[in-house]
Amino acid sequence: MREQFKILLGYPGALIPQKWFIRASGQDLIFPFYHAVSDQFMPHVAYNYRVRTRKRFNKDLDFLLKHYEPVGLDELKAPGRGGKRKKPAMFLSFDDGLSEIHDVVAPVLISRGIPAAIFVNTDFIDNRDLFYRYKSSLLLDRFESIKYSPAVTEIMQSRYHLASSHKRCVKEFILSISYKNKKELDAVARLVDLDFETFLKVKKPYMTLQQLNELDDRGFYIGSHSKDHPLFSEISAEERKIQYRESMEFLHTELGIDYRIFSFPFSDNGVPAEFFREISSEDSPGVEASFGTRGLKKDTVSFHHQRIPMENGTVPGNILIRGEYIYYLLKGLFGQNEVKRL
Ligand SMILES: [Zn+2]
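Note on numbering: residues in each chain are counted from 1, in written sequence order. Reporting in this predicted model follows two pLDDT cut-offs: at least 70 for local features of residues, and 80 or more for side-chain atom pairs to be given and counted; totals over whole chains, interfaces and linings ignore these cut-offs and use all residues. Only hydrogens and water are set aside; all other atoms, that is, all heavy atoms of the structure, feed into the side-chain values.

A run of H or I in DSSP counts as a helix once it spans at least four residues, and a run of E counts as a strand once it spans at least two, with each numbered from the N terminus. Mapping Pro43 onto the fold places it in the loop between β2 (32-34) and α3 (54-67). Each C-alpha atom, one on Pro43 and one on Tyr134, is 8.2 Å from the other, the two residues being 91 residues apart in sequence. Contacts are assigned to residue pairs with any non-hydrogen atoms lying within 4.5 Å of each other. With near-sequence residues (within four places) excluded, Pro43 lies in contact with Ser137, Leu138 and Asp141.

As structure tokens, then:
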């Protein structure tokens, strides 16, 4: 809803020069982020976000590079230390560790000289397991593309006490399955003969350790996106610590990553300030930068940066970015363009 409102604002915003937005808001460092870029249909991703085609991704980059200078981690840690920037800046990042990052995105970024951070779920590297929301998406795609006999949806209705056996009701149920009861997705998959193991083996949706090593060598930053992608506000403080520490330790041991950057799975919404304190001071080494997904917004935590989701199907990147700026300026009128934490 809020995303649609921002897009609505973005279209008239296209009439105003981008420079004006940057000057009026003072926001001269932005954080656009993506998951994948592909010209192929990605059934595991399709119901989660609408990825860019190569052409649209390049168009986004054309716009971004026209107005922003791509920067690396050093600039985030010590803004301006590398000398005064000629242009406003952007820090690009990619979540979930999908194989398209290695195959499609990295060659584009290398050829255009753009640094970027790649955030991976360490349990999924080498296709050892599949994010539960990707399982949901594969199931929804199954129900969309194959006409099952009514017996299948009737079993679903009685097993899960659904209001009806209608396909729409079944799909809503699949989408409602959360991290805590994600095992149900495996049960539903068995019912419709969908084998996630085979999908992992044949499709290889994730990058391998070797590919990540290669990208590390090419200068990409590799960070953690947790172990297996829970919503951080829904798990306990202890679980949050385990998700963070074990994924960081994995990156250190397996890839030799000696810095810590972290992007919150889904959102940082509802994550207490205490967690930020822990990862910055109690842990060693402390986190250098962490990232949320709330669009253009300031944050009271100095090392935490809110990123702009760039995957909205066919909506051009310049509209998405301008919509974010107008929304930011509007919220600023009410003093609400900063994330505050308890
Ligand atoms: Zn993610």
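There is more to say after this.
Attention shifts here to the coordination of the zinc ion. The coordination sphere of the zinc ion contains the protein donors Asp96 (OD), His225 (NE2) and His229 (NE2), at a distance range of 2.1 to 2.2 Å. Donor selection uses N, O and S atoms within 2.8 Å of the metal (3.2 Å for Na, K and Ca). Since no water is included, sites may look incomplete. In terms of primary sequence, the donors binding the zinc ion are separated according to D-x128-H-x3-H. The buried category is assigned to His225, whose relative accessible area is 1%. The cut-offs for exposure are 20% and 50% of the maximum accessible area for each residue type, with area from a 1.4 Å probe on protein chains only; residues under the lower value are buried, those over the upper are exposed, and the others partly exposed.

Often, the extent of an interface is quoted as the loss of accessible area upon association of its parts. Segmentation into domains, and thus their bounds, comes from an automatic or database assignment. Split by domain assignment, the protein chain resolves into domain 1 (2-130 + 205-339) and domain 2 (132-200). Each of domain 1 and domain 2 has a C-alpha centre, and these two points are 30 Å apart. Tallying the contact residues gives 23 residues for domain 1 and 17 residues for domain 2. A buried area of about 1,800 Å², summed over both sides, lies between domain 1 and domain 2, and 59% of it is on carbon and sulfur atoms. Salt bridge, as used here: a side-chain nitrogen of Lys or Arg that lies within 4 Å of a carboxyl oxygen of Asp or Glu. The tally of links from domain 1 across to domain 2 stands at one salt bridge. Distance and chemistry together define a polar contact, namely a pair of N or O atoms within 3.5 Å, with one atom able to donate a hydrogen and the other to accept it when in protein, and with adjacent residues in sequence counting only for side-chain atoms on both sides. At the boundary of domain 1 and domain 2, one finds 10 residue pairs in polar contact (both at pLDDT 80 or more). All residues other than Ala, Val, Leu, Ile, Met, Phe, Trp, Tyr, Cys, Pro, Asp, Glu, Lys and Arg, Gly among them, are scored as polar; the first ten of these are nonpolar and the last four charged. Residues of the side of domain 1 that touches domain 2, tallied by class, amount to 13 nonpolar, five polar and five charged. Buried area: the accessible area, evaluated with a 1.4 Å probe, that two parts lose upon being put together, summed over both parts.

Right, let's talk about the packing of aromatic side chains for a bit. What counts as a ring pair is set by centres within 6.5 Å for rings of Phe, Tyr and Trp (its six-membered ring), and what kind of pair is set by the plane angle: stacked under 30 degrees, edge-to-face over 60, tilted for all other angles. Scanning the model with the defined rule gives 33 aromatic pairs in all. Look at Phe131 and Tyr134: their rings are 4.8 Å apart centre to centre, the planes differ by 65°, and that puts the pair in the edge-to-face class. Here Phe131 falls in the buried class, since its relative accessible area comes to 3%. Either the NZ atom of lysine or the CZ atom of arginine qualifies as a charge over a ring when it sits within 6 Å of the ring centre and within 35 degrees of the ring normal. For the cation-ring pair, Lys182 lies above Tyr179, with the distance from its terminal atom to the ring centre recorded as 4.1 Å. For Arg307, the ring lying beneath its charged end belongs to Phe33, and the centroid distance is 4.0 Å.

The subject of this paragraph is the pairing of strand β7 (residues 221-224). Alternating residues of β7 divide into Tyr221 and Gly223 and Ile222 and Ser224, and every residue in both groups is buried. Following DSSP output, two strands are said to pair if at least two bridges run between them. Taken together, the four bridges between strand β6 (residues 116-120) and β7 define a ladder with parallel strand orientation. Following the sheet pairing, Phe119 is matched in β7 by Gly223.

This part takes up the sheet that holds strand β1 (residues 29-30). The strand order across the open sheet formed by three strands is β1-β4-β3, and the pairing between neighbours is parallel. Edge positions in the open sheet fall to β1 and β3 (69-70), since each of these has one partner strand only. The pairing of β3 with strand β4 (residues 89-90) spans two bridges and is parallel. Looking at the pairing, Pro70 lines up with Met90 of β4.

Right, let's get into helix α14 (residues 317-333). One fewer than the residue count of a helix, multiplied by 1.5 Å, yields its expected span. Taking 1.5 Å of rise per residue, 17 residues should cover 24 Å, and α14 covers 25 Å from first to last C-alpha, within 8% of that figure. In this structure, the buried side of α14 is in contact with α1 (2-13), α2 (18-25), β1, α3, β10 (298-299) and β12 (308-309). After α14 finishes, the residue Gly335 shows a positive phi value of roughly 65°.

Our next topic: the environment of Lys55. Tracing the sequence through the fold places Lys55 in helix α3. The class of Lys55 is exposed, set by a relative accessible area of 65%. In the structure, Lys55 is positioned 18 residues away from Val37 in sequence and 9.3 Å away in space, judged by C-alpha atoms.

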